[in-house]
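As a plain string of letters, each chain reads:
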Protein chains: 2
Amino acid sequence: MTDTIAKRCEESGLRMTGQRRTIADVLDQCRDHPDVEELHARAAARDPRISIATVYRTVKLFEEEGILEKVDFGDGRARYEDAERAHHDHLIDMTTGRVIEFVDPEIEALQEKIAEKLGYTLKGHRMELYGIPRKTHESRGD
Amino acid sequence: MTDTIAKRCEESGLRMTGQRRTIADVLDQCRDHPDVEELHARAAARDPRISIATVYRTVKLFEEEGILEKVDFGDGRARYEDAERAHHDHLIDMTTGRVIEFVDPEIEALQEKIAEKLGYTLKGHRMELYGIPRKTHESRGD
DNA sequence: GTATGTGCAAAGCTTTTGCACCCGC
DNA sequence: GCGGGTGCAAAAGCTTTGCACATAC
């Protein structure tokens, strides 16, 4: 149901160079949230000529085309994810750094309601939950 | 119900230098969300000898003591706010950059429920809404 | 008096950019 | 072929840090 990133690039009329195709492919295969340096490492594994400057330029371009979305986990590095995948928020496991994606329609609705109450039309939001794995039942002393 | 920042610094056993006191006072008087450079400008207006390095060191120290909380509006600059003030989230006016603080108990409860459903105990969260002012002439009942 | 804080400037990190060369269309 | 893309390295922002000096307790 979701087109590849490369396909959407072509539909946007972007010139598809070898580097852009490689970066698009790498992004398609991401199941995690790599930062730009990591993205560059993965792209360079396929084509060592790709420079990090190109990766920066490319993700910014894709973002401007609405193909990617920038996310920020507060660690000072930019991350990008496929904008076309269903919208979701993030829960970050504070013990491992693992990122869990989730969608909650109630939250979405509530956010819209809050914005409206404050006199605004909601255009976007960012929400991250930070948590630790719940003790299932062996615990004493929470 | 809220002590001044300077008072909390003393209670934390921090050595209170002139610079720290000035920075604490500036923070107490903030009704907005200045970045570190702006904080330095306000502090330097009272004591021109304060360097920006000291401001950076001081806000980080206060954060480690739990007196301040770092917030990030995605513009690449760090901002800090009083951690003891009642918890709130932010709505950012996309047309002006103005930041509106709000609290919504429903959201808080929902977030906790979501974390729990995913097997986590919620330890913190970050939520920013981005919106544009709503046209008022068609609104009813505000 | 001593441990700690501070100013200055240099360095660190992530990201951007100028410029000469390269490539998709 | 031409206009835009790329690599390299330098530069730009924000933040941190080494070092010599200053200051709180």
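The rules behind the values
- Residues numbered from 1 in each chain as written.
- Chains lettered and ligands numbered in written order.
- Predicted model: local features only at pLDDT ≥ 70, side-chain atom pairs only at ≥ 80, totals over all residues.
- Heavy atoms only, no water.
- UniProt positions renumbered as here; feature names shortened; annotations may be inferred.
- Pairing = 2+ DSSP bridges.
- Helix = DSSP H or I, 4+ residues; strand = E, 2+ residues; numbered from the N terminus.
- Axes fitted to C-alpha atoms, helices over the stretch in contact; angles between N-to-C directions.
- Contact = heavy atoms within 4.5 Å.
- Least-squares fit on C-alpha atoms with pLDDT ≥ 70 in both.
- Near = heavy atom within 4 Å.
- Polar contact = N/O pair within 3.5 Å; in protein donor to acceptor, adjacent residues only side chain to side chain.
- Nonpolar A, V, L, I, M, F, W, Y, C, P; charged D, E, K, R; others polar.

Chain A is annotated in an unreviewed UniProt entry as Ferric uptake regulation protein from Citreimonas salinaria. Per UniProt, chain A carries the Sequence similarities (unreviewed entry) text "Belongs to the Fur family." The Subcellular location (unreviewed entry) comment attached to chain A in UniProt states, word for word, "Cytoplasm".

Visitor: Any details on the sheet that holds strand β5 (residues 120–133) of chain A? Residues and values, ideally.
Guide: Sheet architecture is open: six strands sit in the order β4(A)-β3(A)-β5(A)-β5(B)-β3(B)-β4(B), paired in mixed fashion. The open sheet terminates on both sides in strands that have one partner only, identified here as β4 (99–102) of chain A together with β4 (99–102) of chain B. On average, each strand axis in the sheet is inclined to that of its neighbour by 20°, with strand direction left out of account. By the bridge criterion, four bridges tie strand β3 (residues 89–93) of chain A to β5 of chain A in an arrangement that is parallel. Counted as the bridge partner of Ile92 of chain A is Tyr130 of chain A from β5 of chain A. Along the sheet, helix α5 (residues 105–117) of chain A contacts β3 and β5 of chain A together with β3 (89–93), β4 and β5 (120–133) of chain B; its crossing angle with β5 of chain A, the most-contacted strand, is approximately 130°.

Visitor: Which residues make up the relation of the copies chain B and chain A, and what are the values?
Guide: Expressed as a screw operation, the relation of chain B to chain A combines 0.0 Å of axial shift with a rotation of 179°, fitting to an RMSD of 0.2 Å. The two molecules are tied by a two-fold rotation axis, judged by turn and shift. Among all C-alpha atoms of chain B, that of Met127 of chain B lies closest to the rotation axis, at 2.1 Å. Mapped onto chain A, 97% of the interface residues of chain B are again interface residues, and the two copies thus contact each other with one and the same surface.

Visitor: Explain the protein's contact with DNA strand C residue by residue, including any values.
Guide: Within the structure, DNA strand C sits among 20 residues, and Tyr56 and Ala78 of chain A together with Thr17, Arg49 and Thr54 of chain B are positioned closest to it. If you look at DNA strand C and keep only atoms within 4 Å of the protein, 70% of those are sugar or phosphate atoms. Between DNA strand C and the protein, one listed contact pairs a base nitrogen with a side-chain N or O atom of Arg57 of chain B at 2.8 Å. Of all the secondary-structure elements, those providing two or more residues to the surface near DNA strand C are α4 (52–64) of chain A together with α2 (18–28) and α4 (52–64) of chain B. Here the surface near DNA strand C takes four residues from α4 of chain A, the largest share from any one element. Here the residues of the surface near DNA strand C are counted per class, giving six nonpolar, six polar and eight charged.

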